[in-house]
Structure formats: C-alpha cells, structure tokens
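Here is how the chains run, residue by residue.
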Amino acid sequence: MGLTQRENRKKKESVKLAAIREVEEETGVDGLKIIRPLINTLHIFNRNGKYKLKKTFWFEMKTTSKKRINSSNKRGDRASGLGK
C-alpha cells in the first residue's frame, strides 16, 4: 500500500494509521495490520505547468478479514498486493 506524504492524513495522524485507514476506506477490507514498512519512494509529476516532488510511504499489510476487496473505486491500484 502506498500513501503519499500529505494524502488524506488527518491532523496529528501518523503515517501508519493513515495508511491503514486509507486502505480500509478504499477497499472495504477491515482488520488490517502493518507487517513492516517497505521503502519510501519519490515521484516527480507536473501539475499546472509546475513540477512537484511527492514522497510515498509503502507498507506490507495483512488482514484476517474474509471480505472481498472492493475494486470498483478509482484508486484501487494503491491496494494492489493486499492479501498476498
């Protein structure tokens, strides 16, 4: 799971808690636990003619949930690999 530095983090919410909350909201899977942090990556992108740098935090997660992953959302790719 990838979570960008500023993406949907609530005030004073840790990156780990934000990552769990985001995956639960976007996939419908609950009971997630972070196994370990993976690498952080940097991405350059162009927005409105200006280049920006974005840091993404990646985590390995697991769940005991039997729910199917909701892949109907636009951002389901961020949860790819979940359950592997």
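Refer to the structure printed above.
This report concerns the structure included in the present document. (Residues numbered from 1 in each chain as written. Predicted model: local features only at pLDDT ≥ 70, side-chain atom pairs only at ≥ 80, totals over all residues. Heavy atoms only, no water.)

Remarks on helix 1 (residues 15-27)
The condition that has to hold: Secondary structure elements follow DSSP: runs of H or I of four or more residues count as helices, runs of E of two or more count as strands, with numbering from the N terminus. To estimate the expected span of a helix, subtract one from its residue number and multiply by 1.5 Å. Residue burial is assigned from relative accessible area. The probe radius is 1.4 Å, only protein chains are included, and a residue is buried under 20% of its type maximum, exposed over 50%, and partly exposed in between.
Here helix 1 spans 18 Å end to end across 13 residues, near enough to the 18 Å set by a 1.5 Å rise per residue. Looking only at helix 1, the buried set comprises V15, A18, A19, I20, R21, E22, V23, E26 and T27. In the stretch just after helix 1, G28 is the one whose phi turns positive, near 85 degrees.

Considerations on the packing of aromatic side chains
Formally: We call Phe, Tyr and Trp rings a pair once their centres come within 6.5 Å, taking the six-membered ring for Trp, and we label the pair stacked below 30 degrees between planes, edge-to-face above 60, and tilted otherwise. Charge-over-ring placement is defined geometrically: NZ (Lys) or CZ (Arg) within 6 Å of the ring centre, and within 35 degrees of the ring normal.
What the rule picks out here adds up to zero aromatic pairs. The positively charged end of K54 is found above the aromatic ring belonging to F45, 5.8 Å away from the centroid.

Overview of the pairing of strand 3 (residues 50-62)
Basically, it comes down to this: Criterion used throughout: strands pair if DSSP finds at least two bridges between them.
Across twelve bridges, the pairing between strand 2 (residues 33-47) and strand 3 is antiparallel. Each residue of the ladder has a partner; that of N40, found in strand 3, is F57. Connecting the antiparallel pair strand 2 and strand 3 is a turn made up of two residues, with N48 showing a positive phi of about 55 degrees.

Here's the deal with the pattern of salt bridges
Note the threshold: What makes a salt bridge here is a side-chain nitrogen of Lys or Arg within 4 Å of a carboxyl oxygen of Asp or Glu, nothing more.
All told, the structure shown has five salt bridges when counted by the stated rule. Its salt-bridge partner being R21, residue E13 comes within 2.9 Å of it at the nearest N-O pair. Judged by its relative accessible area of 14%, R21 falls in the buried class. As a salt-bridge pair, E25 and R21 come within 3.3 Å of each other at their nearest N and O atoms. Of this pair, E25 and R21 both sit in helix 1, four residues apart, which is roughly one turn of the helix. Among the charged side chains, a salt-bridge network with shared partners connects E13, R21, E22 and E25.

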